[in-house]
Every structure is written in C-alpha cells, then in structure tokens.
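# Coordinate inspection notes
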Amino acid sequence: MHDLRSMECRVFGTRTQAERELAVEVAELVRVRPDAVLGLATGNTPTGLYRELARMHRDEGLDFASVRTFNLDEYCGLTPDHPRAFRRWMREHFFDPAGIPAANTGFPDVGENVGAPGASDRIDPCADFERAIRDAGGIDLLVLGIGRNGHVAFNEPGSERASRTRRVELHPWTRADAAAAFGGLDRVPTHAITMGIATILEARRLRVLAFGPEKRALVARTLAATADPDWPASQLHGHPDLRLLVDRSAAG
Ligand code: PGA
C-alpha cells in the first residue's frame, strides 16, 4: 500500500500558470546545479514548459549548456531525423531554442530494432541507457504526461512497478492517438523503447502535467488508484517527491 498523500496535486487557474511554475522550478534547479540532469517527455503536454524555458534562456540568460537530459522514450523503426522521431521533436521544441548541446542529450537507442526477436544482442542498449542515467548521477527532475490509457512514458497498461528500460508494444489507443501526426495508423510504429516505471521512480523529483478537460478523468483515476498495473500512472504513488500540476479544467 502506498501513501496517497505523497501525490500532491496543485491546481492552477490556467495551463500557462502551471507551466510557468514548473519552469521556475527547473530554472532554480539549473541555476543551483548547472549540470542538473533532466528527464523529459515529448507530446502536447510539455510544449508550453519547453517554450517558457527557451524564453528564459533567450531573455534571462538561463544557461543550459551543461545540463544533461534523458528522454523517456523513442519509437522503434524511425531514423533520428524522421519528422516524428522524438529526438528530432526535442531538438526543435527544446534543445536548440534552449541551447542544450546534442552531446548532452540521451535517448533510448532504437538502432537495429533493439530488443526485437532475432536482433543482434552484441550489447544491450536498454541496459546502456540505464547505465548512462546512473553515470550522470541519476535524474534530478523528470517531467511526465499521462496518456489516455493511463500510460506514463510508453509504460502501457500491464506495466510492472519494477519495470526498467525495455522494448514495448504500443497499445492500440497510443497508436491511434499518433495516427494523425504520422498520416495514417499504418505508419505509426508498433514498438518503442521506454524507461520503465522503476527507472522513472528513481528520479529525485517527479512532476506530472495534465491540462484540459480531456485529462480530467485521467487525473481523477491517477489520484484515486493505488499501484494498479492497469493504470500505470497510479504506480507513481509512493514516490517521495511527486507533484501533479493541472489546470482547472483537468482538475474537474
Ligand atoms: P499528450 O500525451 O501530451 O499528447 O496528451 C500524453 C502522453 O501520452 O503521455
């Protein structure tokens, strides 16, 4: 049984206010620790946060040159430059505008369709990714969104609390949600590499964002459920520094 009180939920009047609050927290961390390690999500949810951090870099001289980042996940089967590859998305939405050198950014290695049946096992890139996070000193602050099926990163329903970085099959809803961006469901990758729930729980601070009425039921279920593998976001309960930042429409 995990302590429900550990999932603090802060409700903001607007999404922009929540993004600003988290941007200020990230900025304070980076000012105190210029080589801070950030865990980062892609998608619609964190875009305003990245925009605000890039603005702070541009207008206030917030220096990200020594910050290290690890992204939560990446699709299998896409080149790093594919328009829908998370690596490219991050470069365009955050790394380049915030002045984060490519060499400081970590992604799960999806080369050679890692972990696929029959794939070369010369090295284990999932273990390499975990090692790289540990070698960097662990993640100081990790940003998450919640998917329609309760997923965090690509930990789909059924994911164990003890799960680590691994190759996963994407849930039909996850693929359906990505279909428009890919120009058709058949173009959406079937697999991805994702940090596991245990990997995520090792971050020192977890910050979960949820905005808009379509997230309302997801927020309610995340707050209500305890360690339910069918609702992966609920497996975050029990983390010692976990905060949910939502706007009024997502809070219900
Ligand atoms: P979204 O996705 O940010 O596009 O709403 C959240 C998620 O799937 O984790």
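Refer to the structure above for everything that follows.
I will try to describe carefully the structure that is included in this document. (Residues numbered from 1 in each chain as written. Predicted model: local features only at pLDDT ≥ 70, side-chain atom pairs only at ≥ 80, totals over all residues. Heavy atoms only, no water.)

### With respect to the overall build of the protein chain
Scanning the protein chain for helices and strands turns up eight helices and ten strands. Here the C-alpha radius of gyration of the protein chain, 17 Å, is about what a compact globule of 252 residues would show, namely 18 Å. For the protein chain, the C-alpha atoms occupy an extent of roughly 50 × 40 × 35 Å along the three principal directions. For the protein chain, buried positions account for 52% of its 252 residues. Pairs at least 24 residues apart make up 79% of the contacts formed inside the protein chain by residues separated by at least 6 positions. Surface summary for the protein chain: the accessible area is close to 11,100 Å², and the carbon and sulfur share equals 51%. Separation between the mean location of the 32 positive side-chain charges and that of the 35 negative ones in the protein chain comes to 3 Å. (Helix = DSSP H or I, 4+ residues; strand = E, 2+ residues; numbered from the N terminus. Rg over C-alpha atoms; globule rule 2.2 N^0.38 Å. Buried < 20%, exposed > 50% of the residue type's maximum accessible area, 1.4 Å probe, protein only. Contact = heavy atoms within 4.5 Å. Areas by Shrake-Rupley, 256 points an atom, 1.4 Å probe, with all protein chains shown as cover. Lys, Arg positive; Asp, Glu negative; His and termini not counted. Charge placed at Lys NZ, Arg CZ, Asp CG, Glu CD.)

### Considering the packing of helix 1 (residues 15–32) against helix 2 (residues 47–60)
Relative to each other, helix 1 and helix 2 sit at 50 degrees, their axes nearing to 9 Å. In terms of their interaxial angle, helix 1 and helix 2 are classed as oblique. The way helix 1 lies across helix 2 gives a crossing that is right-handed. Across from Arg15, Glu19, Arg20, Leu22, Ala23, Val24, Val26, Ala27 and Arg31 in helix 1, the residues of helix 2 making contact are Thr47, Gly48, Leu49, Glu52, Leu53, Arg55, Met56 and Glu60. For the contact of helix 1 with helix 2, the per-class residue count stands at eight nonpolar, two polar and seven charged. (Axes fitted to C-alpha atoms, helices over the stretch in contact; angles between N-to-C directions. Parallel < 35°, antiparallel > 145°, perpendicular 65-115°, else oblique. Left-handed = near helix turned anticlockwise from the far one by under 90°. Nonpolar A, V, L, I, M, F, W, Y, C, P; charged D, E, K, R; others polar.)

### Here's the deal with the site of the ligand
Around the ligand sit Gly43, Asn44, Thr45, Gly145, Ile146, Gly147, His151 and Lys215, and those are all the residues in its vicinity. Contact between the ligand and Thr45: an oxygen atom at 2.5 Å from a side-chain N or O atom of the residue. Lys215 is positioned such that a nitrogen or oxygen atom in its side chain is 2.7 Å from an oxygen atom of the ligand. In the complex, the protein chains occlude 70% of the 280 Å² of accessible area that the ligand would expose alone. Put simply, the ligand lies in the largest pocket. Considered class by class, the residues forming the shell around the ligand number one nonpolar, six polar and one charged. (Near = heavy atom within 4 Å. Polar contact = N/O pair within 3.5 Å; in protein donor to acceptor, adjacent residues only side chain to side chain. 1 Å grid on protein atoms, 1.4 Å probe; cavity = no way out; pocket = protein on both sides within 12 Å on 5 of 7 lines; lining within 4 Å. Sits in = over half its atoms within 2 Å of the grid points.)

### Overview of the sheet that holds strand 1 (residues 7–12)
Here we have seven strands laid out as an open sheet, ordered 1-10-9-6-2-3-5, and parallel in their pairing. A strand with exactly one partner marks an edge of an open sheet, and here the two such strands are strand 1 and strand 5 (105–106). In the sheet, strand 9 (residues 205–210) pairs with strand 10 (residues 242–247) via five bridges, with the strands oriented parallel. Residue Ala210 lies in a different strand from strand 10, and its bridge partner there is Val246. (Pairing = 2+ DSSP bridges.)

### Examining the pattern of salt bridges
Throughout the structure, instances matching the rule amount to 24 salt bridges. Among the ionic pairs, Arg131 bridges to Asp128, the shortest N-O distance being 2.7 Å. In this pair, Arg131 and Asp128 both sit in helix 4 (residues 125–135), three residues apart, roughly one turn of the helix. Taken together, the shared-partner salt bridges in this structure form one network comprising Glu8, Arg10, Glu21, Glu25, Arg205, Arg207, Asp241 and Arg243. (Salt bridge = Lys/Arg side-chain N within 4 Å of Asp/Glu carboxyl O.)

### Remarks on the packing of helix 2 against helix 3 (residues 86–98)
Packing of helix 2 against helix 3 leaves a shortest axis separation of 7 Å and a crossing angle of 25 degrees. With respect to helix 3, the axis of helix 2 lies roughly parallel. Note that helix 2 runs across helix 3; the crossing there is left-handed. Across from Thr47, Tyr50, Leu53, Ala54 and His57 in helix 2, the residues of helix 3 making contact are Trp89, Met90, His93, Phe94, Pro97 and Ala98.

### Here we look at the sheet that holds strand 8 (residues 191–194)
Sheet architecture is open: three strands sit in the order 4-8-7, paired in antiparallel fashion. Each edge of the open sheet carries a strand with a single partner, namely strand 4 (73–75) and strand 7 (166–169). Looking at each pair of strands side by side, their axes are set apart by 30 degrees on average, direction ignored. Where strand 4 meets strand 8, three bridges bridge the pair, whose relative direction is antiparallel. Residue pairing across strands places Tyr75 opposite Ala192, the latter belonging to strand 8.

### Overview of the environment of Pro240
As for its position among the elements, Pro240 is in the loop between helix 7 (216–224) and strand 10. When the C-alpha atoms of Pro240 and Thr69 are compared, they prove to be 21 Å apart, with 171 residues separating the residues in sequence.

### Observations concerning empty space enclosed by the protein
Counting across every chain of the model gives one cavity of 30 Å³ or more. Quantified by volume, the largest cavity comes out at close to 30 Å³. Around the largest cavity, the lining residues are Val26, Leu38, Leu40, Leu49, Leu53, Leu141 and Val143. By residue class, the composition of the lining of the largest cavity is seven nonpolar, no polar and no charged. (Points joined across faces, edges and corners; volume = space filled by probe spheres on them.)

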